[in-house]
Amino acid sequence: GAVVSQHPSRVICKSGTSVKIECRSLDFQATTMFWYRQFPKQSLMLMATSNEGSKATYEQGVEKDKFLINHASLTLSTLTVTSAHPEDSSFYICSARDPQGLGYTFGSGTRLTVV
Amino acid sequence: LAKTTQPISMDSYEGQEVNITCSHNNIATNDYITWYQQFPSQGPRFIIQGYKTKVTNEVASLFIPADRKSSTLSLPRVSLSDTAVYYCLVVFPGGGNKLTFGTGTQLKVEL
């Protein structure tokens, strides 16, 4: 089936620095990708919808200037957490629609820890 | 977007059949019902999708009554490795539609 590759799997950064997370669709093109955040023992919360060649659409309450999304190609979307703070520590997951129509395929997630 | 309701947690033993029911009273005519499985520190994994009646694949079965206001995911003969969170989602299958996750059901399988 379709595979979405997400990197890095884990990252630790200092407060005030920025972190970039990459999400790549392997062997298929994804004009739309989705970014989720998941806190411990909670469900996935949609942060934004990434659209190739245009601006991302952010969910209510998500700061677009803090969570920068770039979808410059049909196979790559990036999420940059700018000026990270400890409260941004979370599990970030990207996804794209499976081109074969079998739901959505998710990346393996990125555990971000801000110290 | 149709809201889903499912039990917060369920316990089972190896070899048993597990049925997780999800309520989606506001499902729209064109919506499909999809189930995902998530292990700790991993992204969700697609399990099964259906529109009505019964769907079966190598992993699970999905039962959907005629009114489609609920659905039941059936996992035959569970093992310890089936311990995970299971999410029921209702989604319009058109391209680019976002998924809204509910609380999910934490299934714990013991020996």
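Here's what I pulled together on the structure shown here. Because the structure is predicted, anything quoted here is derived from the model rather than measured. (Residues numbered from 1 in each chain as written. Chains lettered and ligands numbered in written order. Predicted model: local features only at pLDDT ≥ 70, side-chain atom pairs only at ≥ 80, totals over all residues. Heavy atoms only, no water.)

1. Focus on the side chain of B:Thr34
Residues and elements named next belong to chain B.
Item 1. Examined against the element boundaries, Thr34 turns out to sit in strand 3 (residues 32–38).
Item 2. Within the structure, the side chain of Thr34 is placed 3.1 Å from the side chain of Gln49, a separation counted as a polar contact.
Item 3. Each residue touching Thr34, except ones within four places of it in the same chain, is listed here: Phe46, Ile48, Gln49, Tyr87, Cys88, Leu89 and Val91. (Helix = DSSP H or I, 4+ residues; strand = E, 2+ residues; numbered from the N terminus. Polar contact = N/O pair within 3.5 Å; in protein donor to acceptor, adjacent residues only side chain to side chain. Contact = heavy atoms within 4.5 Å.)

2. Concerning the packing of aromatic side chains
Item 1. Under the defined criterion, the tally for this structure stands at ten aromatic pairs over all chains.
Item 2. The interplanar angle of 75 degrees and the centroid separation of 5.8 Å between the aromatic rings of A:Phe106 and B:Phe101 together place this pair among those described as edge-to-face. Linking A:Phe106 in strand 10 (residues 104–106) with B:Phe101 in the loop between strand 8 (84–91) and strand 9 (105–110), this pair reaches from one chain into another. For the pair A:Phe106 and B:Phe101, one class covers both residues: buried.
Item 3. Through successive ring pairs, a cluster of aromatic residues spans A:Tyr36, A:Phe106, B:Tyr36, B:Phe46, B:Tyr87 and B:Phe101.
Item 4. Positioned above the aromatic ring of A:Phe67, the side-chain terminus of A:Lys66 is 6.0 Å from the ring centre.
Item 5. The ring centre of B:Tyr51 lies 3.9 Å from the NZ or CZ of B:Arg68, which sits over that ring. (Phe/Tyr/Trp six-rings, centres within 6.5 Å; stacked < 30°, edge-to-face > 60°. Buried < 20%, exposed > 50% of the residue type's maximum accessible area, 1.4 Å probe, protein only. Lys NZ or Arg CZ within 6 Å of the ring centre and 35° of its normal.)

3. Structural notes on the interface of chain B and chain A
Item 1. Taken together, the contact pairs 20 residues of chain B with 20 residues of chain A.
Item 2. Across the chain B-chain A interface, the total number found is zero salt bridges.
Item 3. On inspection of chain B and its partner chain A, the count reaches six residue pairs in polar contact (both at pLDDT 80 or more).
Item 4. For the side of chain B that touches chain A, the secondary-structure elements that each account for two or more residues are strand 3, strand 4 (45–50) and strand 8 of chain B. (Salt bridge = Lys/Arg side-chain N within 4 Å of Asp/Glu carboxyl O.)

4. Concerning unusual backbone geometry
Item 1. For the peptide bond that leads from A:His7 to A:Pro8, omega is -5 degrees, which places it in the cis range.
Item 2. Secondary-structure assignment places A:Pro8 in the loop between strand 1 (3–7) and strand 2 (10–13).
Item 3. For A:Asp27, which is not glycine, the phi torsion reads 65 degrees and is therefore positive.
Item 4. In this fold, A:Asp27 is placed in the loop between strand 3 (19–26) and strand 4 (32–38).
Item 5. Exposure remark for A:Asp27: the relative accessible area of 84% places this residue in the exposed category.
Item 6. Its identity as a non-glycine residue notwithstanding, B:Arg68 has a phi of 60 degrees, on the positive side.

5. Concerning the state of the cysteines
Residues and elements named next belong to chain B.
Item 1. This model, assessed by the stated rule, comprises two disulfides over all chains.
Item 2. Between the sulfur of Cys22 and that of Cys88 lies a disulfide, 2.2 Å long from S to S. Judged by the sign of its S-S torsion, about -80 degrees, the cystine formed by Cys22 and Cys88 is left-handed. Here Cys22, found in strand 2 (residues 18–23), pairs with Cys88, found in strand 8; they are 66 residues apart in sequence, far enough to count as distant. Cys88 matches Cys22 in its accessibility class, with the two residues each being buried. (Disulfide = S-S within 2.5 Å.)

6. Describing the environment of A:Thr17
Residues and elements named next belong to chain A.
Item 1. Along the polypeptide, Thr17 turns up in the loop between strand 2 and strand 3.
Item 2. For the pair formed by Thr17 and Ala84, sequence separation is 67 residues and the distance between their alpha carbons is 5.6 Å.
Item 3. In contact with Thr17, other than residues within four places in its own chain, are Val81, Thr82, Ser83 and Ala84.
Item 4. One polar contact links the side chain of Thr17 to the main-chain carbonyl oxygen of Lys14, over a distance of 2.6 Å.

That is the geometry; function is a separate question.
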